Structures are given as structure tokens and as C-alpha cells.
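Reading the structure
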Amino acid sequence: IAGAKYGYPYVDVWFCHNWEQGEFSLQSEHFGQPLPRSTVFPRRKVFFAGLPLWIVNDGRGSLESYYSKTWFTECVGHSAFHRKESKLCSGGEEGCVSRLPCSSMAALFAFATAPVAELPGGL
């Protein structure tokens, strides 16, 4: 939105290819990360930061498919990104990593709380 200040919370938008059949391909038609159709459909409607949004059927499963089963504790620069965007660097190129514990970045970024199975109290 023009003029709006960027900040938390925010929503990622994933580009999905291969809508006709088979697995989806995220971010790139030919080189993207595969995502099973059962992870996407049927979609669910949720409220996020006061906004109604349609989300995939299995949000945690989609994150496991895209990043890995350690998505909540290990921050990853995904291989589908440009090589400079997929790594965190301190110093020269030799100091770059593409995976590190999210806890090591807590002073730099705000993080969500651990996932819970039940709804928040009062709902």
C-alpha cells in the first residue's frame, strides 16, 4: 500500500505454478519447491491481525515442504532465492551461512511464539 509503513505483522505471498494438475511448484515453474495439492486444498479462512485471509489447508505442512521440518527453530535462506538473498553474511563471502538457529537472531528480529495445538483463551 503506497505510503504505508512496513512492519510486523506481515503476510508472505507464495507464487504457485502448475495449477492444472500434480504438485504445485512454489516461486518458479521449473525450479521451484514442490508442494502437494493436499497441503493447499481445501483452503481455510482465518483472521490474521484483524484481517480475514484465505490460507492453505495445512500451514505447518507447507512450511515443512518449503523449508524443512525444523522451520520453527532453524532460520533458512531458501535455495529458490537469489544466492545473495539466501545467505546471512558477516564480513566477506567466506562468512556466509544459509541455515542457523533462529534463536541466534532474536536480537535482530521479532519472532512468533511457539505453536500451540489449541485456540487462544476466550474463543
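Residues numbered from 1 in each chain as written. Predicted model: local features only at pLDDT ≥ 70, side-chain atom pairs only at ≥ 80, totals over all residues. Heavy atoms only, no water.

**Observations concerning the sheet that holds strand β1 (residues 16–17)**
If you trace the three strands from one edge of the open sheet to the other, you get β1-β2-β3, paired in antiparallel fashion. Across the chains shown, the open sheet's two edge strands, defined by having one partner strand only, are β1 and β3 (33–35). Sitting on the sheet, helix α2 (residues 59–66) is in contact with β2 (24–26) and β3, with an inclination near 150° to β3. (Pairing = 2+ DSSP bridges. Helix = DSSP H or I, 4+ residues; strand = E, 2+ residues; numbered from the N terminus. Contact = heavy atoms within 4.5 Å. Axes fitted to C-alpha atoms, helices over the stretch in contact; angles between N-to-C directions.)

**A short note on the nonpolar core**
Counting five residues, the largest nonpolar core consists of F24, L26, L35, V40 and Y66. Leaving out residues up to four positions away in the same chain, L35 has contacts with E23, F24, L26, V40, S62 and S65. (Core = buried A, V, L, I, M, F, W, Y, C linked by side-chain atoms within 4.5 Å. Buried < 20%, exposed > 50% of the residue type's maximum accessible area, 1.4 Å probe, protein only.)

**Describing the packing of aromatic side chains**
Within the structure shown, the criterion is met by five aromatic pairs. Ring geometry for F24 versus F41: centroids 6.0 Å apart, planes at 45°, classification tilted. Of this pair, F24 sits in strand β2 while F41 sits in the loop between α1 (37–40) and β4 (44–48), and the two are 17 residues apart along the sequence. Geometrically, the ring pair formed by W71 and F72 is edge-to-face, given 5.1 Å between the ring centres and 90° between the ring planes. Take F72: its relative accessible area is 30%, and that puts it in the partly exposed class. Through a chain of ring-to-ring contacts, the aromatic side chains of W19, F24 and F41 assemble into a single cluster. R37 extends its terminal NZ or CZ atom over the ring of F24, reaching a point 4.5 Å from the ring centre. (Phe/Tyr/Trp six-rings, centres within 6.5 Å; stacked < 30°, edge-to-face > 60°. Lys NZ or Arg CZ within 6 Å of the ring centre and 35° of its normal.)

**Regarding unusual backbone geometry**
Of the consecutive residues F41 and P42, the connecting peptide bond is found in the cis state with omega at -5°. Position of P42 relative to the elements: it lies in the loop between α1 and β4. The phi torsion at N18 lies on the positive side, around 75°, for a residue other than glycine. Secondary-structure assignment places N18 in the loop between β1 and β2. The phi dihedral of Q27 is positive, around 75°, even though this residue is not glycine. Its location among the elements puts Q27 in the loop between β2 and β3.

**Quick look at the environment of S103**
Assignment of secondary structure puts S103 in the segment after β9 (99–101). The exposure class of S103 is exposed, given its relative accessible area of 62%.

**Here we look at the pattern of salt bridges**
Considering all chains together, one arrives at one salt bridge under this definition. One salt bridge connects K69 with E64, and the closest N-O pair in it is separated by 3.2 Å. Taking the relative accessible area as the measure of exposure, K69 reaches 68% and is therefore exposed. (Salt bridge = Lys/Arg side-chain N within 4 Å of Asp/Glu carboxyl O.)

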